[in-house]
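Close look at the chain arrangement
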Amino acid sequence: MSSIFKKIIEGEIPADKVFENERILAIKDINPAAPVHLLIIPKKEIATLQDMSEEDRGLLPEIVEVAQKLAAEYGVADGYRLLVNNGSSAGQTIFHLHFHLIGGRALGAMA
Ligand code: 5GP
């Protein structure tokens, strides 16, 4: 079954898009954990970070480039987190790979 992110990618469900090309979509998180909370989502359906194939890993430089661009655009280039929750025990709730870009406040120590 398609995840909610696949439905957003296909335009079936609306989202606040901040970047899009053929391979990657970035949107604002619906329940932001900080003033800036974006989700960078490869359009290919990859369930988790752990499921990335060698070919899928070719997406990573572009994901980092998009993160750098968005961090600058949203004024958090000097301090942000780019993170993936891999698996339910790490807090993953949507099983379509996505990278959280979080910033805009003091983030404190990691759990
Ligand atoms: P995860 O817990 O899987 O790492 O992250 C899922 C994220 O997706 C959460 O931060 C959650 O707030 C966000 N989210 C869940 N449903 C939607 C939605 O329909 N639209 C948007 N923009 N974000 C969503």
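Predicted model only: the values in this text are computed from it and were never measured.

Attention shifts here to the overall build of the protein chain. Counting its regular elements, the protein chain contains two helices and five strands. Written out in order from the N terminus, the α and β elements of the protein chain read α-β-β-β-α-β-β. A globule of 111 residues ought to have a C-alpha radius of gyration of about 13 Å, and the protein chain, at 13 Å, matches this closely. When the backbone C-alpha atoms are referred to their principal axes, the protein chain occupies close to 35 × 30 × 25 Å. Partitioning the contacts of the protein chain with sequence separation of at least 6, the portion at a separation of at least 24 is 55%.

What follows is about the site of the ligand. With respect to spatial proximity, 17 residues lie near the ligand, and among them Lys28, Asp29, Gly91, Thr93 and His100 are the closest. Within the backbone of Lys28, a nitrogen or oxygen atom sits 2.9 Å from a nitrogen atom of the ligand. For the ligand, whose unbound accessible area comes to 520 Å², protein coverage reaches 84%. Every element with two or more residues in the shell around the ligand is listed here: helix H1 (4-9), strand S2 (24-28) and strand S3 (36-42). If one sorts the elements of the shell around the ligand by residue count, H1 sits on top with three residues. For the shell around the ligand, the per-class residue count stands at seven nonpolar, eight polar and two charged.

As a further point, take the sheet that holds strand S1 (residues 17-20). The five strands are arranged S1-S2-S3-S5-S4 in an open sheet whose pairing can be described as antiparallel. Of all the strands in the sheet, the pair left with one neighbour each is S1 and strand S4 (80-83). Strand-to-strand twist in this sheet, taken as the mean axis angle between neighbours without regard to direction, amounts to 15°. One ladder, built from four bridges, connects S4 with strand S5 (residues 99-103); its direction is antiparallel. Note that in S5 the partner of Leu83 across the bridge is His100. Where helix H2 (residues 60-73) meets the sheet, its contacts fall on S1, S2, S3, S4 and S5, and the angle it forms with S3 comes to roughly 155°.

Positionally, His100 belongs in strand S5. Within the structure, the side chain of His100 is placed 2.8 Å from the side chain of His37, a separation counted as a polar contact. Residues within four places of His100 in sequence aside, it is in contact with Asp29, His37, Leu38, Leu39, Arg81, Leu82, Leu83 and Asn85.

Rules of the game
Residues numbered from 1 in each chain as written. Predicted model: local features only at pLDDT ≥ 70, side-chain atom pairs only at ≥ 80, totals over all residues. Heavy atoms only, no water. Helix = DSSP H or I, 4+ residues; strand = E, 2+ residues; numbered from the N terminus. Rg over C-alpha atoms; globule rule 2.2 N^0.38 Å. Contact = heavy atoms within 4.5 Å. Near = heavy atom within 4 Å. Polar contact = N/O pair within 3.5 Å; in protein donor to acceptor, adjacent residues only side chain to side chain. Areas by Shrake-Rupley, 256 points an atom, 1.4 Å probe, with all protein chains shown as cover. Nonpolar A, V, L, I, M, F, W, Y, C, P; charged D, E, K, R; others polar. Pairing = 2+ DSSP bridges. Axes fitted to C-alpha atoms, helices over the stretch in contact; angles between N-to-C directions.

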